[in-house]
Amino acid sequence: MVKRSVIPFGPQHPVLPEPIHLDLVVEDERIVEAIPSIGFVHRGLESLIEKRDFNQMTYVVERTCGICSFQHGMGYCETVEKIFDVEIPRRAKFLRTIWAEMSRMHSHLLWAGLLADAFGYENLFYQCWRIREKVLDLQEMTSGGRVIFSVNKVGGVIKDMDADMLKAILETIKDVEKELKVIKKTFFDDYSVKSRLKGVGILTPEQINALGAVGPMARASGVENDMRRLGYAAYSEIDFEPVVSNDCDCYARCYVRIMEIFQSIDIIRQAIAKIPDESDLSVPIKGNPNGEAFVRLEQPRGEAFYYVKANGKPNLQRMRVRTPTFANVLALCEMLKNTEVADVGLLVVTIDPCISCTER
Amino acid sequence: MANITRSPWLLHYDGSSCNGCDIEVLACLTPVYDAERFGIVNTGDPMQADIFLITGGVNEQNIPVVKQLYEQMPEPKVVVAVGVCACTGGVFKDCYNIIGGADQAIPVDIYVPGCAARPQAIIDGIVKAIGLFQERLENSEKESDKVG
Amino acid sequence: MADTVTFKNEIEEIAVDSLVSRAEELIKAGYRFSQACAAYIDDKFELSYSFSNYDNYDLLNLRVVIDTDTEVKSITTVVPAAVFYENEMHELFGVKIVDIALDYKDKLYRIKQECPLGPSGKEEA
């Protein structure tokens, strides 16, 4: 019989930008079980509802996570708007869509870079991050912030994009698209990249459904769930098809995310073509929210879930964010079984972990 | 050889930040901002690190981790707190699980403000840290000369 | 064109005893577990268990309202994905959930304060 031993992984690990700890039970080099322990980044953000009113909470919720910051703000605002039962101006919807897709682009590029770093392809890592900076420049130009840009408010958005900005966005994404096509080739066709990714970390659609995995993780295993189809913001007026792969492995997850960057470029183009010329960016909100609402939306990492309950006071009764990584951690542990220790870093990265989201 | 100085190695740890500062720290190390041109090298190994970049406040669970990482680093060392959360606790100051800024766990030398801290500010912090590190290195060399 | 879907988004109030059986029914009917969360409102716990159907994007939220000392049977026997959610409810609110498949016993987040969002936490604040 092979002797079992436990290898601790994390919380501080070169491959991880964020702390997560896994106890890997191994037999020789093979992992038998992985037990996650989280809580290194737990802040208790949901308790701040007692101290901040529902408008101020927008900015707290945006700081759930720095990468999908905009989408967190948007999700929270959509939820409170649903309680108020207000419809935000059409232009604000389109602006939200454009910003949301920009943040998806930068998040996926960031992930692609980290993946390249995890399999030891430093050049590719730097190339991804170089391209990503162009998207960040666009975010800074339109909102004033590079990663956290607080442009949402309950009832609409705060900032507008003028014609010059929209033109600059179109020019930059054309540039990004051109460069992406080059790195896409490396990710999809390179011999060594393929040998690291193909057939590693298989998750069947049945496992995905049983463990509740979401987003690109699910779509890479043939489970087509894309919350953008719910038609929040301006997605109801945009033509897109969720990217799905049936390979179920790390390569498929890579494929889905890279193709989603192209999809985001396409969505931004459509949104800019259709954006209406209005001067109103928000509707006035009177009084305090009263009621409860559940809202789902598609973040770069998958389905995020917002729940707000209020009783007519400025402070909410309950605010809950279920982030995509929280749903994906269990799938990660399942995926780690029967893999080699050397692949752990890579596998952890392929779920696109966002630990600060997870623990809030 | 007088103008050849040691390249300080940099260790980055995410306390309980929201990630915003972490990706900005990483952005600093990648092509556009490229802090490595100042002679630093990013490492994942505390035992070889000279500058400790910490983002986010500290909480009950990561205090021992932060302390351990700091103790594992060889002398002399410099600590840079990046972002308002690492400085004071930031927006999360009132949360039940946040003790405060990074200085609640370890001595911090340089505070970089911002939410999220901009790459320019982080680079400024790193450059200051390099200066402080050289100063401490010279001081410790002088002292060891005296002893020797 | 990927049509946007019209979807149901409903809350269904059920008794605490029927939680596990109702969850099992939903899973068999093709629903998938989405999330679970607790809220401490007016000296009672409100638990929401959300299930989505990814064929038509319907969302069904099971709502259980219980006293703070009522024991809730874990749904992890039928829904393995609920492990973290139930541990979280137990740790942050103090909801008495029994028979969780992987019970972290208040060590999921390892926070100092006990049940910060539950009854004891509210009193201190």
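Thresholds, definitions, all that
- Residues numbered from 1 in each chain as written.
- Chains lettered and ligands numbered in written order.
- Predicted model: local features only at pLDDT ≥ 70, side-chain atom pairs only at ≥ 80, totals over all residues.
- Heavy atoms only, no water.
- Helix = DSSP H or I, 4+ residues; strand = E, 2+ residues; numbered from the N terminus.
- Rg over C-alpha atoms; globule rule 2.2 N^0.38 Å.
- Buried < 20%, exposed > 50% of the residue type's maximum accessible area, 1.4 Å probe, protein only.
- Contact = heavy atoms within 4.5 Å.
- Areas by Shrake-Rupley, 256 points an atom, 1.4 Å probe, with all protein chains shown as cover.
- Lys, Arg positive; Asp, Glu negative; His and termini not counted.
- Charge placed at Lys NZ, Arg CZ, Asp CG, Glu CD.
- Polar contact = N/O pair within 3.5 Å; in protein donor to acceptor, adjacent residues only side chain to side chain.
- Pairing = 2+ DSSP bridges.
- Axes fitted to C-alpha atoms, helices over the stretch in contact; angles between N-to-C directions.
- Arc of directions from axis to C-beta.

Q: Break down the overall build of chain A for me, with residues and values.
A: The helix and strand inventory of chain A stands at 12 helices and eight strands. For a compact globule of 360 residues, the expected C-alpha radius of gyration is about 21 Å, and chain A comes in at 20 Å, within 12% of that figure. Overall, the C-alpha framework of chain A stretches about 70 × 45 × 30 Å when taken along its three principal axes. Out of the 360 residues in chain A, the part that is buried amounts to 67%. In chain A, of all internal contacts separated by at least 6 residues, the share reaching a separation of at least 24 is 70%. On chain A, roughly 11400 Å² of surface is accessible, and the fraction owed to carbon and sulfur atoms is 49%. For chain A, the separation between the mean place of its 45 positive charges and that of its 50 negative charges on side chains is 2 Å.

Q: Please give an account of helix α1 (residues 54-62) of chain A that cites residues and values.
A: Residue and element names in this part refer to chain A. Those residues of α1 that fall on the buried side of the exposure criterion are F54, M57, T58, V60, V61 and E62. Each element contacted by the buried residues of α1 is listed here: α2 (69-84), β4 (152-153), β7 (302-311) and β8 (318-322). The distance from a side-chain oxygen at the start of α1 to the backbone nitrogen of N55 is 2.9 Å, and the residue carrying that oxygen is D53.

Q: Before we move on, can you summarise the sheet that holds strand β1 (residues 4-9) of chain A with the specific residues and values?
A: All names here are of chain A. With antiparallel pairing, three strands are arranged side by side in an open sheet as β1-β2-β3. Across the chains shown, the open sheet's two edge strands, defined by having one partner strand only, are β1 and β3 (30-37). Put simply, the sheet's adjacent strands are angled 25° from each other on average, direction ignored. In the packing of helix α10 (residues 324-336) onto the sheet, contacts are made with β2 (21-27) and β3, and the angle to β3 comes to roughly 160°.

Q: An account of the side chain of T79 of chain A is requested, with residue identities and associated values reported.
A: Mapping T79 of chain A onto the fold places it in helix α2. Each residue touching T79 of chain A, except ones within four places of it in the same chain, is listed here: A293, V295, Y306 and V308 of chain A.

Q: Requested: an account of the sheet that holds strand β1 (residues 9-13) of chain C, with residues and values cited.
A: Strand pairing in a sheet relies on backbone hydrogen bonds. The paired strands run either parallel or antiparallel. Residue and element names in this part refer to chain C. Taken in spatial order, the four strands of this open sheet run β1-β4-β3-β2, and their pairing is mixed. Lying at the two open borders of the sheet, with one neighbouring strand each, are β1 and β2 (32-41). The mean inter-strand angle of the sheet, taken between neighbouring strand axes irrespective of direction, is 20°. Across nine bridges, β2 lies against strand β3 (residues 44-53) in antiparallel orientation. Note that in β3 the partner of A36 across the bridge is Y49. Together, β2 and β3 form the strand contacts of helix α2 (residues 83-93), whose direction differs from that of β2 by roughly 10°.

Q: Run through helix α2 (residues 63-72) of chain B, naming residues and quoting values.
A: All names here are of chain B. For α2, the complete set of buried residues consists of I63, V65, V66, L69 and Y70. An end-on view of α2 places all buried positions within 165° of arc, on one side of the element. Residues of α2 that are buried make contact with β1 (9-14), β3 (51-55) and β4 (78-82).

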